[in-house]
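Chain by chain, the residues:
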Amino acid sequence: MKRRNAWDRLCWRRRKHGGNGRLSFFTVSLGISNYLKQNGGFSMSTATKQTFSSTKDLNRTLGKKELMGIAIGQIIGAGVMSMMGVAIAMTGRSANLAFMLSAVFTMCTFFPSIFITSCIRMRGGAYTQFAVFAGDKWAGYSSVVSVIGNMSLAMYALSFAQYAVALLPSGGSEKIIALSVGTIFFILNFFGVDLMAKIQNLLVIVLLISLTMFAVFGLPSVDFGTYFSNADGLFLSNGVTGFLTATAYLGFATGGATVILGVSAECKNPTKDIPFVIVTSTVGVALLYGLVATTASGVLPVAEVANQPLTLVAAEILPKPLYIFFIVGGAMFALATTLNSQIMSATKPIMQACEDGWFPKSLAELSRYKTPWKIMLIFYIVLVVPILLDLEIAQISSLVQILGYINNLVLTTTAMKLPKMFPEAWEKSQFRVPIPVFYALMVITCIAILIQASFMLSSMNIKLILFNAATMAFGFFWAFYRYGSGKAKPTVSYEMA
């Protein structure tokens, strides 16, 4: 006798018990469910687990406009708002030139990312770049360092709090404000990249208006007849060494555009849009920085504005209503957009690292809004801990910058393989240059990184240097452990243009 499957048995029972041949909706549903189970069908939990754990499944909705908002919002942040006074203290009125030279160095360090992103989509951002060009163990190392490097989230939240306190009549707790704003943006990011990209663009528009207003109101008060003169010793106030040290520190202020590598998996056309946005956002913001720095160092005596936030000069040149608008729309929005950009982009490389087994794959689970909520929770802890430990902004900045320089150096030297590894994509690239020129640009990038790193190291104390060394050591230990145990099984996380 022929064996009946679940569907046949259901219909046979229906006829046997006097059914009229019609099956109710409930009965049909039950039959389908039993049939799927018998034939290796799927359950909802299995489908969700399989579909919502890969960077392939993220919504690809970000265009050039959204990427520009993310990049500009990341560049203009704690760097210009909190480090402007530091730069003036280091080099006096030449801080404007330091900002623009820093942007040149920064652009040099971006050459590898510009060329690579014009050829391939890297779903895991910088993590994928490490995996493709430096090798699997370097990718595992980078995933650990990436978590530590995002301690800068706490720096943005603390900087935001400093400006917020200035507006409150009775002051307030910087720690509580920093924790609150960080919590708000993590909650908002939970609801997906589409919502946050729209909010980001609105914040960036107000931010650009505020900084332009600061420059326009302040420049007429600057005495350009004496500004570039060093008669008073306040232009290049600490000589070439002070100028180059300021340039190295300001790499944190002019960098940031490559944050959009982290959302490559969510871009509509990454090989066209990402390189374009990296270049235009960095150049445009650098020019704006030069104007803002000229006002910041040229309106009041250098001694008064050294190591001070921009609010001091803003209070001098702006009417009260515009001063409040600048605090909110300029300072606070700058830090808010940077915080938002980094939260949006930080999770995707770790998500790919989970998919590859460097961390438990269950951490990459996506919410109904396709956000990796468990990874977001980890980064929320990374934001909270430095704030609770009362670390200062300068300390956090120093903790993460050297690691960034080392990563960039590795990525640059290994990126020289690009034309040989992807010859067809290289030929199609809108940024393709003769091979000798390409190699020369990579060498220039290495030199720029080494110069910035050397000046940064010379200003760090032994504790900060040891912390960076310990972080690197742990990153390599974790990479070799996971790879050697067989738990890490890297996958292909790039796609051709």
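Every value quoted in this text rests on a predicted model; they were computed, and no experiment measured them.

*Asks:* So, the overall build of the chain: which residues are in play, and what are the values?
*Replies:* Looking only at helices and strands, the chain has 24 helices and two strands in total. By the burial criterion, 53% of the 497 residues in the chain qualify as buried. Sequence-distant contacts in the chain: of pairs separated by 6 or more residues, those separated by 24 or more amount to 83%. Accessible surface for the chain amounts to roughly 21,500 Å². Of this, 66% is attributable to carbon and sulfur atoms.

*Asks:* Let's hear about the nonpolar core: which residues, and what values?
*Replies:* Within the largest apolar cluster, 149 residues are counted, with the highest numbers of intra-cluster contacts made by Ile-76, Met-84, Ile-260, Phe-326 and Leu-418. The leading source of residues in this core is helix α18 (residues 320-355), at 16 residues.

*Asks:* Which residues make up a nonpolar patch on the surface, and what values do they have?
*Replies:* Residues Ile-187, Phe-191, Leu-195 and Tyr-369 make up a contiguous nonpolar surface patch of roughly 330 Å² in combined accessible area. Relative to the helices and strands, Ile-187 resides in helix α10 (residues 174-190).

*Asks:* Got a sec to walk through the packing of aromatic side chains? Specific residues and values, please.
*Replies:* Tallying each qualifying case throughout the model produces 25 aromatic pairs. Centre to centre, the rings of Phe-133 and Phe-422 are 6.2 Å apart; their planes meet at 70°, and the pair counts as edge-to-face. On the criterion of sequence distance, the pair formed by Phe-133 in helix α7 (residues 126-134) and Phe-422 in the loop between α21 (418-421) and α22 (423-428) is long-range, its members being 289 residues apart. Residue class for Phe-133 comes out buried when judged on its relative accessible area of 1%. A relative accessible area of 6% places Phe-422 in the buried class. On the basis of an interplanar angle of 80° and a centroid distance of 5.5 Å, the ring pair of Phe-190 and Phe-191 is categorised as edge-to-face. Looking at Phe-191, the relative accessible area reads 36%, which means it is partly exposed.

*Asks:* Which residues make up the pattern of salt bridges, and what values do they have?
*Replies:* Applying the stated rule across the entire model yields seven salt bridges. The salt bridge partner of Asp-390 is Lys-175, with a shortest N-O separation of 3.1 Å. Of the two residues, Asp-390 is situated in the loop between α19 (373-388) and α20 (393-414) and Lys-175 in helix α10; the sequence distance between them amounts to 215 residues. Take Lys-175: its relative accessible area is 30%, and that puts it in the partly exposed class. Each of Arg-60, Arg-121, Arg-123 and Glu-495 takes part in a single network of salt bridges with overlapping partners.

*Asks:* Which residues make up the packing of helix α4 (residues 64-75) against helix α15 (residues 270-298), and what values go with them?
*Replies:* Where α4 contacts α15, the two axes come as close as 9 Å, and the packing angle between them is 40°. With respect to their mutual orientation, α4 and α15 come out oblique. Every pair of crossing elements has a handedness; the one defined by α4 and α15 is right-handed. Note on element contacts: α15 touches α4 through Asp-273, Ile-274, Phe-276, Val-277, Thr-280, Ser-281, Thr-282, Val-285 and Tyr-289, opposite Lys-64, Leu-67, Met-68, Ala-71, Ile-72 and Ile-75. By residue class, the composition of the contact of α4 with α15 is 10 nonpolar, three polar and two charged.

*Asks:* An account of the packing of helix α9 (residues 152-167) against α18 is requested, with residue identities and associated values reported.
*Replies:* Orientation of α9 relative to α18, taken along the N-to-C sense of each, is 165°, at an axis distance of 9 Å. With respect to α18, the element α9 is oriented roughly antiparallel. Judged by the twist between their axes, the crossing of α9 over α18 is left-handed. Of the residues in α18, those in contact with Ser-152, Leu-153, Tyr-156, Ser-159, Phe-160, Tyr-163, Ala-164 and Leu-167 of α9 are Ile-324, Ile-327, Val-328, Ala-331, Met-332, Leu-335, Ala-336, Thr-338, Leu-339, Gln-342 and Ile-343. Considered class by class, the residues forming the contact of α9 with α18 number 15 nonpolar, four polar and no charged.

*Asks:* Give me the lowdown on the environment of Ala-87, citing residues and values where you can.
*Replies:* Mapped onto the elements of the fold, Ala-87 is located in helix α5 (residues 78-91). For Ala-87, a relative accessible area of 1% translates into the label buried. Sequence spacing of Ala-87 and Ala-98 is 11 residues, and the spatial spacing of their C-alpha atoms is 7.9 Å. If we skip the residues at most four places from it in the chain, Ala-87 touches Gly-92, Ala-95, Ala-246 and Leu-250.

*Asks:* An account of the confidence of the model for the chain is needed here, citing residue identities and associated values.
*Replies:* Averaged over every residue, the pLDDT of the chain is 84; the share at 70 or more is 87%. Across the chain, α21 holds the top mean pLDDT of 96, while helix α3 (residues 44-51) sits lowest at 39. A low-confidence stretch, residues 1-8 stays under pLDDT 50, and its non-local contacts, those more than four residues away or across chains, total 12 contacts. Note that pLDDT drops below 50 for residues 10-52; the model gives that stretch 30 contacts with residues more than four away or on any other chain.

*Asks:* Got a sec to walk through unusual backbone geometry? Specific residues and values, please.
*Replies:* As a rule of thumb, non-glycine residues mostly have phi less than zero, and peptide bonds are mostly trans rather than cis. A positive phi angle, close to 60°, is found at Asn-307, a residue other than glycine. Mapping Asn-307 onto the fold places it in the loop between α16 (302-305) and α17 (311-317). For Lys-370, which is not a glycine, the phi torsion comes out positive at approximately 60°. By the secondary structure assignment, Lys-370 is in the loop between α18 and α19. Given the relative accessible area of 21%, Lys-370 is considered partly exposed.

Reading the values: the criteria
Residues numbered from 1 in each chain as written. Predicted model: local features only at pLDDT ≥ 70, side-chain atom pairs only at ≥ 80, totals over all residues. Heavy atoms only, no water. Helix = DSSP H or I, 4+ residues; strand = E, 2+ residues; numbered from the N terminus. Buried < 20%, exposed > 50% of the residue type's maximum accessible area, 1.4 Å probe, protein only. Contact = heavy atoms within 4.5 Å. Areas by Shrake-Rupley, 256 points an atom, 1.4 Å probe, with all protein chains shown as cover. Core = buried A, V, L, I, M, F, W, Y, C linked by side-chain atoms within 4.5 Å. Patch = residues over 30% accessible without salt bridge, like charges linked within 9 Å, V, L, I, M, F, W, Y side chains within 5 Å. Salt bridge = Lys/Arg side-chain N within 4 Å of Asp/Glu carboxyl O. Phe/Tyr/Trp six-rings, centres within 6.5 Å; stacked < 30°, edge-to-face > 60°. Axes fitted to C-alpha atoms, helices over the stretch in contact; angles between N-to-C directions. Parallel < 35°, antiparallel > 145°, perpendicular 65-115°, else oblique. Left-handed = near helix turned anticlockwise from the far one by under 90°. Nonpolar A, V, L, I, M, F, W, Y, C, P; charged D, E, K, R; others polar. pLDDT = per-residue confidence, 0-100.

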